[in-house]
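# Structural overview for review
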Amino acid sequence: MAKEIETIEAVVRTGTGKGAARAARREGYVPGIVYGDGKDPLAINLDYNKLLTRLRKGRFMSTLFNLQVAGQDDVRVICRGVQKDVVKDLPTHIDFMRTHRASRINLFIHVTFENHEAAPGLKRGGTLTVVRPEVELEVQAGDIPDHITVDLTGKQIGDVIHINDIALPEGCKPTIDRNFVIANIAAPSGLRSSDNEEESAEE
């Protein structure tokens, strides 16, 4: 299932340079620029409050957006820079790069877990401990997965699930070049306590 693309709205900014950017800020906008894909740069303004709210949600630099600009065709973009006021730490300018279907971009993809009932370790009272609820993957802009799936079938207490254990969608690969942990099946507290007591007795 393809990931739903989040929409961000903007208007064309008339004029260029510092004067136009300052005027935009006075009117409650954050000035920005859209570039790339062999097309001319487009100066835009984004609503300050809406942008600030979205920035505070996180993952802004690794989210693919559908940019809607009045009078322009929609375009998919990814943020390549947010300039901030050095004192207030608030956005003063933003850069977007256009993408196309074949573009390779890095995005955080949600991890889902299935077949809990087929995991003996969970049936015995073990707990699924999720280390990474999202994984950063290099994906194709035209085919972004909604999630990746971990099959818990047969998993026992003490089992550790690594990224290499997961069948990733075609065209996706991790941005980290090591076999990092996604989750594990932890023993229930009662079982951990009895194991510790047995170890103490053996000592």
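Only a predicted model underlies this, so the values are computations on that prediction, with no experimental measurement involved.

The UniProt record marks residues 8-96 with the feature "domain: Large ribosomal subunit protein bL25 L25" (unreviewed entry), using the residue numbering of this structure. When the span residues 8-96 is considered, its composition is 22% helix and 49% strand, and the gap between its end C-alpha atoms is 11 Å.

Moving on, we get to the sheet that holds strand E4 (residues 64-69). Around the barrel, six strands lie side by side as E1-E3-E2-E6-E5-E4; this closed barrel has mixed pairing. Between one strand axis and the next, the sheet turns by 45 degrees as a mean value, whatever way the strands run. Both strand E2 (residues 29-36) and strand E6 (residues 91-98) contribute to a ladder of four bridges, which runs parallel. Looking at the pairing, glycine 32 lines up with isoleucine 94 of E6. Set on the sheet, helix H1 (residues 17-26) makes contact with E2, strand E3 (39-47) and E6; between it and E2 the angle comes to about 130 degrees.

Counting residues in each nonpolar core, the largest one holds 26 residues, and the members touching the most others are Ile105, Leu107, Val135, Ile144, Val150 and Ile182. When residues of this core are traced back to their parent elements, those giving at least two are strand E7 (104-114), strand E9 (134-140), strand E10 (147-151) and strand E13 (181-186). It is E7 that contributes the most residues to this core, five residues altogether. Beyond its immediate chain neighbours, meaning those up to four positions away, isoleucine 105 contacts Leu64, Ile78, Thr99, Leu137, Glu138, Val139, Ala141 and Ile144. Counting residues in hydrophobic clusters, the runner-up holds 18 residues, among them Val34, Leu55, Val75 and Phe96.

So, how was this worked out
- Residues numbered from 1 in each chain as written.
- Predicted model: local features only at pLDDT ≥ 70, side-chain atom pairs only at ≥ 80, totals over all residues.
- Heavy atoms only, no water.
- UniProt positions renumbered as here; feature names shortened; annotations may be inferred.
- Helix = DSSP H or I, 4+ residues; strand = E, 2+ residues; numbered from the N terminus.
- Pairing = 2+ DSSP bridges.
- Axes fitted to C-alpha atoms, helices over the stretch in contact; angles between N-to-C directions.
- Contact = heavy atoms within 4.5 Å.
- Core = buried A, V, L, I, M, F, W, Y, C linked by side-chain atoms within 4.5 Å.
- Buried < 20%, exposed > 50% of the residue type's maximum accessible area, 1.4 Å probe, protein only.

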